[in-house]
Each structure stands twice: as C-alpha cells, then as structure tokens.
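# Understanding the architecture of this molecule
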Amino acid sequence: MNQKCWVVLQYPLKSIKGSQRDEWLRDKVTEYLNLFLADAELGYVDGSEMGKTVSDPQQFVLNIFCVITDEQRGIALIKKVLREHRLDYTRIKLATMPFEGGGTYTLKYVSKKGVTDFSL
C-alpha cells in the first residue's frame, strides 16, 4: 500500500519576491496541478512560498507543496502536466518527504544534470 507524502516542486527565482511572471507561474502550476491531481485521485496542492533557501540565503526559490497519495504516480503526473502545459518544466526540482512524522526532503527529480542538492 502506498503512503501519503509531501512533494515539493521548486523553481529558482532571481529575487526574493519573484517577478510578475513568477507569480503567474505559481498560480498556473497550482491551478493545473489541483485539476489533474484531483482527476487522478492522487492529491492536491497545499500551498506555496517564495523566498530564500535555508542552505544559501543568496538563492531564491518558489516552492509549491503538494500532498500526494502515491509518490511514484504523483511525481510522474506532475512532470507530465508541467511538460505538456509548458510550465517551465526545464527549471524544476522535485523532492518528497513522508506525510506523517516529518523528516527531511529527498530529491527525486532535477531537470538539470549534475545537480544533487536540495534545500527549501
């Protein structure tokens, strides 16, 4: 049986507050993921934030948090939606964490080769 988990979708930003385009991207990604995750009965978007990363205060990111009921299928669907709807698929990182009990996020997908680090 699959366990519920958190999936965070992360985009790099150029500034702490992001741009108008970053806000548009956040809204569109949230809209599309809520629609497709609900249709597939795989979960929902639970919120987002823009700001500095914990590991490097000079790096800025947009994090979109999802609650997913099946990690493998959920990640595959998220990647498919972003790619098919041209929502900056080539800039993303995806990481997961168990829903219950917390812990740390584990990097599951990176669009750029050679990247192995992840920080909220």
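Residues numbered from 1 in each chain as written. Predicted model: local features only at pLDDT ≥ 70, side-chain atom pairs only at ≥ 80, totals over all residues. Heavy atoms only, no water.

## Notes on the packing of aromatic side chains
Scanning the model with the defined rule gives four aromatic pairs in all. When the ring centre of phenylalanine 99 is taken as reference, the NZ or CZ atom of lysine 4 above it lies at 4.5 Å. Here the guanidinium or amino end of arginine 83 rests over the ring plane of tyrosine 89, the centre of that ring lying 5.1 Å away. (Phe/Tyr/Trp six-rings, centres within 6.5 Å; stacked < 30°, edge-to-face > 60°. Lys NZ or Arg CZ within 6 Å of the ring centre and 35° of its normal.)

## So, the sheet that holds strand 5 (residues 106-110)
Strand order across the open sheet formed by five strands is 2-3-1-4-5, with antiparallel pairing between neighbours. Each of the sheet's edge strands pairs with one partner strand only, and the pair in question is strand 2 (43-52) and strand 5. For this sheet the average axis-to-axis angle between neighbouring strands, irrespective of direction, equals 25°. Alignment of strand 1 (residues 5-13) against strand 3 (residues 60-68), held across nine bridges, turns out to be antiparallel. Bridge assignment links leucine 13 to a residue of strand 3, and that residue is phenylalanine 60. (Pairing = 2+ DSSP bridges. Helix = DSSP H or I, 4+ residues; strand = E, 2+ residues; numbered from the N terminus. Axes fitted to C-alpha atoms, helices over the stretch in contact; angles between N-to-C directions.)

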